[in-house]
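Commentary on secondary and tertiary structure
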Amino acid sequence: MQALAAVARAPHSDFSLETITIDGPKPGEVLVKIEAVGICHTDLAARDGALPVALPAVFGHEGCGVVEAIGEGVTKVAPGDRVAITFASCGYCPACRADSPSYCHNFMHLNYAGVRADGTGPLSAGAEAITGLFFGQSSFATHSVALERNVVKAPSDLPAEIIAPIGCGIQTGAGAVLRSLACRPGSSLLVAGAGSVGLAAVMAAVVRECATIIVIEPHASRRELAIELGATHAIDPAAGPVAEQVRAIVAAGVDYAIDTSGMPAVIDGLVKSMTFHGKLGLIGVPADPEAALPISVIETLVLGLTVVGIIEGDSVPDEFIPELIELYRAGRFPIDKLVTTFDFAKINDAVAAQHRGEVLKPVLVHD
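Residues numbered from 1 in each chain as written. Predicted model: local features only at pLDDT ≥ 70, side-chain atom pairs only at ≥ 80, totals over all residues. Heavy atoms only, no water.

Glancing now at the overall build of the protein chain. Across its full length, the protein chain holds 12 helices and 18 strands. Taken against the 2.2 N^0.38 rule, which gives 21 Å for 367 residues, the C-alpha radius of gyration of the protein chain at 20 Å falls within 12% of a compact globule. In terms of overall dimensions, the protein chain has a C-alpha envelope of 60 × 40 × 40 Å along the principal axes. Per-residue burial over the protein chain gives 55% buried out of 367 residues. (Helix = DSSP H or I, 4+ residues; strand = E, 2+ residues; numbered from the N terminus. Rg over C-alpha atoms; globule rule 2.2 N^0.38 Å. Buried < 20%, exposed > 50% of the residue type's maximum accessible area, 1.4 Å probe, protein only.)

With the rule as written, the count across this model stands at zero disulfides. Unpaired in terms of disulfides, Cys168 finds its nearest cysteine sulfur in Cys40, a separation of 4.3 Å. Note on Cys183: no disulfide assigned, nearest cysteine sulfur contributed by Cys210 at a separation of 4.8 Å. A relative accessible area of 1% places Cys183 in the buried class. (Disulfide = S-S within 2.5 Å.)

With that settled, consider the sheet that holds strand S8 (residues 128-130). Within a sheet, neighbouring strands are paired by backbone hydrogen bonds and run either parallel or antiparallel to one another. Ordered by their spatial adjacency, five strands build an open sheet running S4-S1-S2-S7-S8, and the pairing between neighbours is antiparallel. Looking at the sheet topology across the chains shown, the edges are occupied by strand S4 (57-58) and S8. Of the pairings in the sheet, the one linking strand S7 (residues 123-125) to S8 comprises three bridges and is antiparallel in character. From the neighbouring strand, Leu123 faces S8, where its bridge partner is Ile130. (Pairing = 2+ DSSP bridges.)

At a minimum axis separation of 11 Å, helix H5 (residues 169-180) and helix H11 (residues 317-329) run at an interaxial angle of 95 degrees. The pairing of H5 with H11 is recorded here as roughly perpendicular in orientation. Contacts from Ile170, Gln171, Ala174, Gly175, Leu178 and Arg179 in H5 reach Pro317, Phe320, Ile321, Glu323 and Leu324 in H11. Taken together, the residues of the contact of H5 with H11 sort by class into seven nonpolar, two polar and two charged. (Axes fitted to C-alpha atoms, helices over the stretch in contact; angles between N-to-C directions. Parallel < 35°, antiparallel > 145°, perpendicular 65-115°, else oblique. Contact = heavy atoms within 4.5 Å. Nonpolar A, V, L, I, M, F, W, Y, C, P; charged D, E, K, R; others polar.)

Below, the discussion takes up the UniProt feature "domain: Enoyl reductase (ER)" (unreviewed entry) in the protein chain. In the numbering adopted here, UniProt assigns the feature "domain: Enoyl reductase (ER)" (unreviewed entry) to residues 10-364. Split by type, residues 10-364 is 28% helix and 24% strand. Its first and last C-alpha atoms lie 21 Å apart. (UniProt positions renumbered as here; feature names shortened; annotations may be inferred.)

Sheet architecture is open: six strands sit in the order S13-S12-S11-S14-S15-S16, paired in parallel fashion. At either margin of the open sheet sits one strand with a lone partner, and together these are strand S13 (233-235) and strand S16 (306-309). Here the average twist between neighbouring strands, direction ignored, is 15 degrees. Two elements, strand S15 (residues 274-282) and S16, share four bridges in a ladder whose sense is parallel.

What follows is about the nonpolar core. Note on soluble globular proteins: their nonpolar side chains tend to be buried together. Grouped together as the largest cluster of nonpolar side chains are 54 residues, with contacts concentrated most on Val177, Leu199 and Phe333. Those elements that provide at least two residues to this core are helix H4 (160-163), H5, strand S11 (188-192), helix H6 (196-207), strand S12 (212-216), helix H7 (220-228), strand S14 (254-259) and H11. Considering each element in turn, this core owes the most residues, nine residues, to H6. In this view, Val177 contacts Ala182, Cys183, Leu189, Ala201, Ala204, Ala205, Arg208 and Ile258; residues no more than four positions away in its chain are not counted. (Core = buried A, V, L, I, M, F, W, Y, C linked by side-chain atoms within 4.5 Å.)

As a further point, take H7. All of the buried residues along H7 are Arg222, Arg223, Leu225 and Ala226. Take H7 and look down its axis: the buried residues cluster within an arc of 160 degrees, on one side only. In H7, the exposed residues that point more than 90 degrees away from the buried face are Ser221, Glu224 and Glu228. Positive phi appears at Gly230, one or two residues downstream of H7, with a value of about 125 degrees. (Arc of directions from axis to C-beta.)

Per the counting criterion, the structure on display carries 18 salt bridges. When the shortest N-O distance is used, the salt bridge between Glu323 and Arg179 registers 2.7 Å. Here Glu323 is found in helix H11, whereas its partner Arg179 is found in helix H5, with 144 residues between them in sequence. On the basis of relative accessible area, Glu323 is assigned to the partly exposed category, the value being 31%. Judged by its relative accessible area of 30%, Arg179 falls in the partly exposed class. Within this structure, Asp23, Lys26, Glu29 and Arg116 form a network of salt bridges that share partners. (Salt bridge = Lys/Arg side-chain N within 4 Å of Asp/Glu carboxyl O.)

We now examine helix H9 (residues 264-271). Because each turn of an α-helix spans 3.6 residues, side chains separated by three or four positions in sequence point in the same direction. Considered for burial, the residues of H9 that qualify are Ile267, Gly269, Leu270 and Val271. Those residues of H9 hidden inside the fold are in contact with S11, S12, helix H8 (242-249), S14, S15 and helix H10 (297-303).

With that settled, consider the packing of aromatic side chains. Throughout the structure, instances matching the rule amount to eight aromatic pairs. When the centroid spacing of 4.8 Å and the interplanar angle of 85 degrees are considered together, the rings of Phe59 and Phe134 count as edge-to-face. Highlighted residues: Phe59 in the loop between S4 and strand S5 (63-70) and Phe134 in the loop between S8 and strand S9 (143-147), separated in sequence by 75 residues. Assigned by exposure class, Phe59 and Phe134 land together as buried. Chaining the aromatic ring pairs together yields one cluster made of Phe59, Phe87, Phe107, Tyr112, Phe134 and Phe135. (Phe/Tyr/Trp six-rings, centres within 6.5 Å; stacked < 30°, edge-to-face > 60°.)

Now the structure itself:
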């Protein structure tokens, strides 16, 4: 079938709206008519060469839509079901069998290679192959071929723009608090960066009943939103050394810290803000793939510091996405305060607005 897609043809360039051909669904696959899709930093990083994805490609990995057709052997969903689409995992490797699908041993192939096990890809434009299956979906399009394993049934009575961003960014930030670090009620948490991932962590910390929730963020408007969402303190890194500001709030240092920036200098400030037996969670991807942690062995030993790399918030999507949806329904996880919608055809405007810091989580919607 044919679909309209936002195709990335060159790094650091606008997406091109093009009619493409979708081949599928094949066995184990699901064809989804996309209603909404979030824009994540990872989409842009992949377009610009930070991830091993061949161009031209269709990105998008926070899709929400309605199943139109299923391939042979699919039993999890049926045509007409509303689904959220998340990252892909194989289901049979040691990590998947241990309920850690975000550390799937086949993660790189399933989420970045753009081809099925038989070497074929689902997308093309005439005789030209287009890389698809990004995060097992490539949902910057009117239709997406996903894998049965990375679709999750979702309620039909909620706006698609609320469900879509849960598939990656929201579950990553929330899962960092509720899953990866398992922050204790009454504990203290420091979050570097008040983008959508960092603010999802703040909302999760409120759910977890952390006593002190501190956000580091250079933009005043985002600091204000962090306070509105439940942060107890929001500090400006330009106002002085982060560790001094944090220890003026929690003299002994914080129990947990989360970095969403990927910047070693920021991480150094987090480490210097932590107490003994603190846990540091790393989410942000550094601009320099050779960037190293600014932590000495002595510092780690003396503090008894635990450093945790976090992918997708250690989420088991079939369990965690419905949990976050129910928290939203209960008014305890206001995803809507993070989302700004754009018409799908305005994808480049949405990317530019996000780059300027005017929006937190742009979500593209289809008529």
